[in-house]
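One-letter residues, chain by chain:
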Amino acid sequence: MSISLLKATTLNTIIQRSFAFSAYSKFVKDNYSTIKADNMGLNNKECMKQLRSAYQKLSIEEKEKLKQSVSEEKLLFEQGKSSMSQRKILRFCKKYDFPVRPPNNPFPLFVSDRAQGQQVSNFAQGRVALLVAAEQWKSLPSTEKEKYKS
């Protein structure tokens, strides 16, 4: 396996990970350490049996509370997923010396603003449109360029 393929595979794995829980898995995560601490000599299989029986003894209201908290966590996760993925990508890029995308500068923002609603059917038309945008950018006063810096 080539290094570039390995890096691309690892990068895709980092992006696709998620940690959405079910009510039972949340219960296990919250109570595993307490059961393990109470019974020091207990192996993992016996600990999981105790957790299963404790979960089965929960009332319907308690299970609904767990489900509600899981759904809230899922919602928060979905809202923060993109920023989390971006942080993971940046961390991965830094660790393995990938080039990190530079921050947006005003010119690409200007070009994308000008290109909205325009249809380009081939490369030559796109190149001409970019050259026209570059000339417009050069002739733009600095006060107008400031609008694209933020």
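What you see is a predicted model; the values in this text were computed from it and never measured.

### Considering the packing of aromatic side chains
- All chains considered together, the criterion is met by four aromatic pairs.
- On the numbers, 5.1 Å between centres and 75° between planes, the contact of Tyr 24 with Tyr 55 is edge-to-face. You can see Tyr 24 sitting in helix α2 (residues 23-38) and its partner Tyr 55 sitting in helix α3 (residues 44-56), a full 31 residues away along the chain.
- Classification of Tyr 24 by relative accessible area gives partly exposed; the value is 29%.
- For Tyr 55, a relative accessible area of 14% gives the class buried.
- Centre to centre, the rings of Phe 107 and Trp 137 are 5.9 Å apart; their planes meet at 65°, and the pair counts as edge-to-face. Here Phe 107, found in helix α5 (residues 106-115), pairs with Trp 137, found in helix α6 (residues 123-139); they are 30 residues apart in sequence, far enough to count as distant.
- Overall, Phe 107 belongs to the partly exposed group, its relative accessible area being 26%.
- Here the aromatic residues Tyr 24, Phe 27 and Tyr 55 are joined through ring pairs into a cluster of three or more.
- One residue, Lys 63, lies across the ring of Tyr 55, its end atom 4.9 Å from the ring centre.

### Things to note about the packing of α5 against α6
- Two elements in contact, α5 and α6, have axes whose closest approach is 10 Å; the angle formed by their N-to-C orientations is 120°. Taken as axis vectors, α5 and α6 run oblique relative to one another. Both α5 and α6 take part in a crossing whose hand is right-handed. Residues Pro 106, Phe 107, Phe 110, Val 111 and Arg 114 of α5 form the contact with α6, whose own contacting residues are Leu 130, Ala 133, Ala 134, Gln 136 and Trp 137.

### Observations regarding the nonpolar core
- Ala 23, Phe 27, Val 28, Ile 35, Leu 42, Cys 47, Leu 51, Tyr 55, Leu 58 and Leu 66 form the largest nonpolar core, which has ten residues in total.
- Those elements giving two or more residues to this core turn out to be α2 and α3.
- If you tally residues by element for this core, the top one is α2, at four residues.
- In contact with Ala 23, other than residues within four places in its own chain, are Tyr 55, Leu 66, Lys 67 and Val 70.
- One finds Phe 110, Ala 133, Trp 137 and Tyr 148 within the second-largest nonpolar core, a separate group that totals six residues.

About the cut-offs
Residues numbered from 1 in each chain as written. Predicted model: local features only at pLDDT ≥ 70, side-chain atom pairs only at ≥ 80, totals over all residues. Heavy atoms only, no water. Phe/Tyr/Trp six-rings, centres within 6.5 Å; stacked < 30°, edge-to-face > 60°. Helix = DSSP H or I, 4+ residues; strand = E, 2+ residues; numbered from the N terminus. Buried < 20%, exposed > 50% of the residue type's maximum accessible area, 1.4 Å probe, protein only. Lys NZ or Arg CZ within 6 Å of the ring centre and 35° of its normal. Axes fitted to C-alpha atoms, helices over the stretch in contact; angles between N-to-C directions. Parallel < 35°, antiparallel > 145°, perpendicular 65-115°, else oblique. Left-handed = near helix turned anticlockwise from the far one by under 90°. Contact = heavy atoms within 4.5 Å. Core = buried A, V, L, I, M, F, W, Y, C linked by side-chain atoms within 4.5 Å.

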